[in-house]
Protein chains: 2
Amino acid sequence: MPRYDAPIRDMQFVLHDMLEIEKYSNLPGFADAPRDVVDAVLTEGGKFAKEVLQPLNMVGDQQGCVRSDDASVKTPDGFPAAYKSFVENGWPLLATDPEMGGQGLPKVLNMAISEMSSSANMAFSMYPGLTHGAYEALMAGASDELKAIYGPNMASGEWAGTMNLTEPQCGTDLGLIRTKAVPQADGSYKITGQKIWISGGEQDLTENIIHLVLARIEGAPEGIKGISLFVVPKYFVGEDGSLGERNALSCGGLEEKMGIHGNATCVMNYDDATGWLVGDENKGMRNMFVMMNEARLGVGLQGLSQAEVAYQNAADFARDRLQGRALSGAQAPDKPADPIIVHPDVRRMLMDQKAFVEGARAFAYWTALHGDLKDKSPDEKVREKAEDYMALMTPVVKAFLTDRGYKACNDGLQLHGGSGFTREWGMEQFVRDCRITLIYEGTNGIQALDLVGRKLAANGGRAIFTFFAEVDDFASEYGDVAELAPFLEGLKTAKGQLQEGTTWLMQNGMTNFNNAGAASTDYLQLFGLTAFAYMWAMMARTALDHAGSGDPFYANKLKTARYFFERVLPETGAHLAKVKTGSEAMMALEPEAF
Amino acid sequence: MPRYDAPIRDMQFVLHDMLEIEKYSNLPGFADAPRDVVDAVLTEGGKFAKEVLQPLNMVGDQQGCVRSDDASVKTPDGFPAAYKSFVENGWPLLATDPEMGGQGLPKVLNMAISEMSSSANMAFSMYPGLTHGAYEALMAGASDELKAIYGPNMASGEWAGTMNLTEPQCGTDLGLIRTKAVPQADGSYKITGQKIWISGGEQDLTENIIHLVLARIEGAPEGIKGISLFVVPKYFVGEDGSLGERNALSCGGLEEKMGIHGNATCVMNYDDATGWLVGDENKGMRNMFVMMNEARLGVGLQGLSQAEVAYQNAADFARDRLQGRALSGAQAPDKPADPIIVHPDVRRMLMDQKAFVEGARAFAYWTALHGDLKDKSPDEKVREKAEDYMALMTPVVKAFLTDRGYKACNDGLQLHGGSGFTREWGMEQFVRDCRITLIYEGTNGIQALDLVGRKLAANGGRAIFTFFAEVDDFASEYGDVAELAPFLEGLKTAKGQLQEGTTWLMQNGMTNFNNAGAASTDYLQLFGLTAFAYMWAMMARTALDHAGSGDPFYANKLKTARYFFERVLPETGAHLAKVKTGSEAMMALEPEAF
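Quick notes on the overall build of chain A
Helices and strands together make up the secondary structure of chain A, namely 18 helices and 11 strands. Dimensions along the principal axes, computed over C-alpha positions, put chain A at roughly 80 × 60 × 60 Å. Taking all 594 residues of chain A together, 64% fall into the buried category. Taking all contacts inside chain A whose residues are at least 6 apart in sequence as the whole, residues at least 24 apart take part in 73%. As displayed, chain A offers around 20,300 Å² of accessible surface, 51% of which is attributable to carbon and sulfur atoms.

So this is what it looks like as structure tokens:
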């Protein structure tokens, strides 16, 4: 059975050494997170992930969730107890608003805790993850009354939340939603329709489930401009906060899926269920997007999380499995064969994984820190930049970290040879679980379109120009540090290519939108690689600062940085070449020619 | 539920137009395969695959195989009847030696039929596939007596065959085999040991199962030089060919796997089972390699086969699913949304798949044709070249077609969005089934090592220099055809990069073997891309010859060729850059630093 140990040392490196989060102690929340508190939180989070969540990961996969004839859903053995413990330990409240009972610690710290839970048990961690997303959507748009009714219990995890978007005829294109809402005299609405792929739509973890549902109010405009958001609780909540009657909604079935079997993916039927409007009529998408952006970062993190746990187990296997001899001569002559870690091609997979997970962690946390600054900085310019970055980077974090995270999971499986394909080693579960991350919360293709079609052009390209300038400043600031030269060289090349791709898009994507669409995925990959190059250059710079400490961690960081620049970054050239070919060859065939 | 229709038109294009197999009608077997016979075989093969095998594919996945307490194994419902029909229709005999009852038709034609079976039902087609591999190993080394006893019934598929290599402590490194063979007075051996991952080790499809088992004769030299090959039947065969007593072997369990659930992957226990030596003592690896090379081509074909069926269903989905509007304006204004095939990023996935499956088919069949020429050509130089190519190309076909085939399956799943992740659409089964192809018959990393460590250097590099010269000749022969210019340009660039990589390997891989190991996978990818470029250039040339026919098939072939050269081939540069970085960064970390 696989193991998981939270990579606390690397998390500390990113938080303390690279991002230096202590320097924001003037900001709310950060003030309560000095280094010793952060380290204690990381240690406790790692313990909980390893001891409580990880042992349930394979059980969850094998048992899955079971729906009974009465439409109730049983989660895998151990999940309810683990969830209870998760709530009792206060983990959902870590970075939540103090006015809803939260501790209000930095979101960037919460990213580390979320990474741990997700590495240990992705299917489990989706229950609190989506609850938090629903909570954020509610906070973004609901009336104070609704917030007061649902907020505190969702914040603490006592109640769960879900997001109801998809219907059989509409996934990406939410303008096609048919679920209808009929206004009632008392100000509530009757909601009727079917929603599919609702994660945690029904379960036995919480007393109540608060569904956020997109629906169309009778007579609303066609398409996306006629969609409203409703809060629809499973059980009604009395004035005193007690649970009352059951609402007219139920789980009509569970999806059979490739992975994340421990999470109940429900068909939800609303049959004149009572709901209340969140925010304004026909403005449902606005609040949903608040939640969705946050959720997209979370999905990127899932990609990293599965890669991390796959990597850890691959490294164990590579050290333990004896097979063949090193090409350079026996390394363990006393054993029947050498451990396979002596073979360069095995190293290639491990180094690819290591360069990915460490780069991804830096990128995800760096982005999350901007999420904190966006909300908390007293400096308007800092807030503006942080908001720009969050918008610009979110699709990149989501798609790049899941694409490459999936590759890393596959490398972990591959390194195990035949064992990787069997259930008992657990590697194939990481691949199956991770697979969904490339799809949900907007497929990676949709992320790429969001990037080139919306995020690049926003405010006249302010966000990306700020990013280019930041990279340039970094490169010139450290331009005379000899040890950084190869890294800065690579960074400058990648940034130049990204700039070239951006210019090409501006010149060719506006006049022919198909050129933008045809370039989008490769442009996003080029962006992700460049962002990683910046992260690795910053990490190398930081490691160099600590080189005198004698801690081999820093020397190893520099070696991994070198690997990234030599062995991963060269892929940028092909992506740029593809971006610049345009859409002609891609669109040349008639649909029936496929 | 997914569908499968054999891509007969494209198979005809490769066989008749590109490879022009009719021009080999002077060779045995080819003489019996004029165009109308080939087309009839393709049609019948396609019908059998579509009507008999494909409907059982999802059933096989969901039911899997079941072992009873008596150690018997039940395959999924419908498999035994389909297998009976497969044998009665004579499919196993298509390209088998006439002296064993076969029809002796060209192997290249058999590739097309194998592709169909495997696309329709990969788990099913492994039963006859491995039987054929075992049959080949037997034919390569066994005495005439053993051949007479087992050959005809294995050739026809009446009996099945298996390959027993792996043990718990040894997969790639077969020198670690512990299964022992003790010589008996009557010339037979008593075989004792445990073998794992034995595909079809036990089943209910055939009356007898002929196991080929690698074992160590008592007192044999250590390591790979002490391994012998034995034939160990499940039931002994009497003088009259009737089945007698049961041998002392049994299935100890079934592996739980990620995919190919319809194929029984067995733990096989040999407990003083009686076997007979195949070939010479301690030379077991030689005959096993005969089988293995053939099997490796077959695994490459599996990668293609799963990509093909995933592609077909992805194209259907892209034409049917309505979601969003074309960036260039509504294409189906009468419908609530446009079919998603209007979106460039959806096209990207379809075109990647199409460029892959058509390139892979050409490459696999072209290589298989060399397999025919190697055995059948009267011209010694042709035979030598064909043998060189078979040796050189086999690891490339195996690894490149499975790596990229897996990617194509994943693209098919991705294009389906959330539906791709659910069981009912069948896309995730293609991904899970295909996943094993990157591993078995030698992991893709082992293929890469075989290529750089053995195949490149054989006979002073004769094979690859012949290939380079062939590409050069092609490029200069058609150098003045304007329509081919962009394709020849791409081909020459890729070939130049492969040559540069080869030179780098020769200069740096011999003095430091780790450099060869570190470069191997990227070198293989570079090789595969270059081989595909050659295939696509040949296909473009062929299509251009037929451009006057008015058949849109040829115009579409040229459009897909253009896509390949613009959108796929640019990846060569990154692989070359990685090849040339050497092993230093890859090997820099201590094992415990991972």
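After that view, the rundown keeps rolling.
Quick look at the domain arrangement of chain A
Per the domain assignment, the segments making up chain A are domain 1 (8-144), domain 2 (159-282) and domain 3 (455-586). Computed from C-alpha coordinates alone, the two centres of domain 2 of chain A and domain 3 of chain A are separated by 41 Å.

Observations regarding the side chain of E167 of chain A
Residues and elements named next belong to chain A. When you line up the elements, E167 lands in the loop between β3 (160-164) and β4 (180-183). By relative accessible area, E167 is classed as buried at 2%. One polar contact links the side chain of E167 to the main-chain amide nitrogen of R178, over a distance of 2.8 Å. Sequence-distant contacts of E167, that is, excluding residues within four places in its chain, are made with I177, R178, T179, Q194, K195, I196 and L214.

Observations concerning the interface of chain A and chain B
At the junction of the two partners, chain A supplies 89 residues and chain B supplies 89 residues. For the pair chain A and chain B, the summed buried surface comes to about 7,800 Å²; carbon and sulfur atoms form 59% of the total. Three residues, F421, R567 and F594 of chain A, lead the burial of chain A against chain B; their summed loss comes to 12% of the area buried on that side. For the salt bridge of R567 of chain B with D522 of chain A, the shortest nitrogen-to-oxygen distance reads 3.4 Å. Where chain A meets chain B, there are 51 residue pairs in polar contact (both at pLDDT 80 or more).

Digging into the packing of helix α9 (residues 344-376) of chain B against helix α16 (residues 513-545) of chain B
All names here are of chain B. Direction vectors running N to C along α9 and α16 enclose 90°, while the axes themselves pass 9 Å from each other. Compared by their axis directions, α9 and α16 come out roughly perpendicular. Judged by residue contacts, K354, A355, F356, E358, G359, A360, A362, F363 and W366 of α9 engage A531, F532, Y534, M535, W536, M538 and M539 from α16. Broken down by class, the residue content of the contact of α9 with α16 amounts to 13 nonpolar, one polar and two charged.

Digging into the pairing of strand β11 (residues 265-278) of chain B
Residue and element names in this part refer to chain B. Extensive coverage of β11 is indicated by the burial of 10 of its 14 residues. The sheet contact formed by strand β5 (residues 189-199) and β11 spans nine bridges and is antiparallel. By the bridge assignment, K190 is partnered in β11 with T274. Here three bridges tie strand β7 (residues 227-233) to β11, and the two strands are oriented antiparallel to one another. In the sheet register, F230 faces β11, and the bridge partner there is L277.

Some remarks on the packing of helix α1 (residues 8-18) of chain B against α9 of chain B
Residues and elements named next belong to chain B. It is the contact of α1 with α9, at a shortest axis distance of 10 Å, that shows an interaxial angle of 45°. If you check the angle between α1 and α9, you find them oblique. Classified by chirality, the crossing of α9 by α1 is right-handed. The residues of α9 that touch α1, namely those facing D10, M11, V14, L15 and M18, are E358, R361, A362 and Y365. Per-class residue counts for the contact of α1 with α9 are six nonpolar, no polar and three charged.

Topic: the nonpolar core
With 405 residues, the main nonpolar core has Y365 of chain A together with Y365 of chain B as its most contacted residues. Setting aside anything within four residues of it in sequence, one finds Y365 of chain B in contact with M11, V14, L15, L19, V108, M111, A112, E115 and L301 of chain B.

Overview of the confidence of the model for chain A
Of all residues in chain A, 100% have pLDDT values of 70 or greater, and the mean over the chain is 97. Two numbers describe this predicted complex: its pTM, 0.98, and its ipTM, 0.97.

What to know about the pattern of salt bridges
Side chains carrying opposite charge are able to pair once their charged atoms draw close together. Scanning all chains against the criterion turns up 84 salt bridges over all chains. Note that K23 of chain A and E20 of chain A form a salt bridge whose closest N and O atoms lie 3.8 Å from each other. Among the residues examined, K23 of chain A registers a relative accessible area of 51% and is labelled exposed. In this structure, R462 of chain B and E384 of chain B form a salt bridge, with 3.5 Å as the shortest nitrogen-oxygen distance. Residue R462 of chain B is located in helix α14 (residues 462-477), and its partner E384 of chain B is located in helix α10 (residues 380-415); the two are separated by 78 residues in the primary sequence. The partly exposed category is assigned to R462 of chain B, whose relative accessible area is 30%. Taken together, the shared-partner salt bridges in this structure form one network comprising D10, E115, E308, K354, E358, R361 and K557 of chain A.

Details of the relation of the copies chain A and chain B
Here the two chain copies are tied together by a rotation about an axis and a shift along that axis. Superposing chain A onto chain B takes a rotation of 180° plus a shift of 0.0 Å along the axis, which leaves an RMSD of 0.0 Å. Both copies of the chain, as the preceding transformation shows, are related through a two-fold rotation axis. The residues that chain A uses at the interface reappear at the interface of chain B in 100% of cases, marking a shared surface.

A short note on helix α15 (residues 485-508) of chain A
Residue and element names in this part refer to chain A. With 24 residues, α15 should reach 34 Å at 1.5 Å per residue; the first-to-last C-alpha distance of 34 Å fits that figure. For α15, the set of buried residues is F487, L488, G490, L491, A494, K495, Q497, L498, G501, T502, W504 and L505. Considering only its buried residues, α15 is in contact with α13 (444-455), α14 (462-477), α16 (513-545), α17 (552-568) and α18 (572-579).

Observations regarding the state of the cysteines
Counted according to the given criterion, the structure contains zero disulfides over all chains. No disulfide involves C251 of chain A; its sulfur sits 3.8 Å from that of C266 of chain A, the nearest cysteine. Free of any disulfide, C409 of chain B has its nearest neighbouring cysteine sulfur in C434 of chain B, separated by 4.0 Å. Residue classification places C409 of chain B among the buried residues on the basis of a relative accessible area of 0%.

Here's the deal with the environment of A314 of chain A
Residues and elements named next belong to chain A. In this structure, A314 sits in helix α8 (residues 284-320). Note: C-alpha distance between A314 and I341 (27 residues apart in sequence) is 9.8 Å. Beyond its immediate sequence surroundings of up to four residues, A314 is in contact with L350, Q353, G412, L415, H416 and M427.

Digging into the side chain of R435 of chain B
Tracing the chain through its elements places R435 of chain B in helix α12 (residues 427-435). Of the side chains with opposite charge, D411 of chain A lies nearest to the buried R435 of chain B, which makes no salt bridge, at 6.4 Å. Reaching out from R435 of chain B, the side chain makes a polar contact with the side chain of N410 of chain A at a distance of 2.7 Å. In contact with R435 of chain B, not counting residues within four places along its chain, are N410, L413, Q414 and F421 of chain A together with M258 and Y406 of chain B.

Parameters at a glance
- Every chain's residues receive numbers from 1 upward, in the order its sequence appears when written.
- Naming scheme: in the order in which they are written, chains are lettered from A and ligands are numbered from 1.
- Where totals are concerned, whole chains, interfaces and linings use all residues; where local detail is concerned, this predicted model gives features only for residues with pLDDT of at least 70, and gives and counts side-chain atom pairs only at 80 or more.
- As a rule here, side-chain values come from all non-hydrogen atoms in the structure, and water together with hydrogens is ignored.
- Secondary structure is summarised from DSSP: a helix means a run of H or I of at least four residues, a strand means a run of E of at least two, and numbering begins at the N terminus for each.
- Exposure categories follow from relative accessible area, calculated using a 1.4 Å probe and restricted to protein chains: below 20% of the type maximum is buried, above 50% is exposed, and the middle band is partly exposed.
- Residue contacts are counted whenever heavy atoms from the two residues lie within 4.5 Å of one another.
- Where accessible areas are quoted, they stem from the Shrake-Rupley method and a 1.4 Å probe; at the residue level, only the protein chains shown are allowed to cover.
- Note that domain bounds follow an automatic or database assignment of domains.
- Each polar contact in these results corresponds to two N or O atoms within 3.5 Å; when the atoms are within protein, one needs to be able to donate a hydrogen and the other to accept it, and residues that are neighboring in sequence are counted only if both atoms are side-chain atoms.
- The term buried area refers to how much accessible surface (probe radius 1.4 Å) is lost by two components on association, counted for both of them together.
- By definition here, a salt bridge exists when the distance from a side-chain nitrogen of Lys or Arg to a carboxyl oxygen of Asp or Glu is within 4 Å.
- The convention used is that axes are lines fitted to C-alpha atoms, helices contributing only their stretch in contact, and that angles between N-to-C directions extend from 0 to 180 degrees.
- These descriptions rest on fixed angle ranges, namely under 35 degrees for roughly parallel, over 145 for roughly antiparallel, 65 to 115 for roughly perpendicular, and the rest for oblique.
- When residues are sorted by character, Ala, Val, Leu, Ile, Met, Phe, Trp, Tyr, Cys and Pro go into the nonpolar class, Asp, Glu, Lys and Arg into the charged class, and all the rest, Gly among them, into the polar class.
- In this scheme, strands are said to pair when DSSP sees at least two bridges between them.
- Crossing handedness is defined as follows: a turn of the near helix away from the far one that is anticlockwise and smaller than a right angle gives a left-handed crossing, while the clockwise case is right-handed.
- Throughout, nonpolar core names a set of buried Ala, Val, Leu, Ile, Met, Phe, Trp, Tyr and Cys residues whose side chains join them through atoms within 4.5 Å.
- Along the chain, pLDDT gives the predictor's confidence residue by residue, from 0 to 100.
- Alignment of copies: least-squares fit on C-alpha atoms of residues with pLDDT of at least 70 in both copies.
- A helix is expected to span 1.5 Å multiplied by its residue count minus one.
- Cysteine sulfur atoms are paired as a disulfide whenever they come within 2.5 Å of each other.
- His residues and chain termini do not enter the charge count, which takes Lys and Arg as positive and Asp and Glu as negative.

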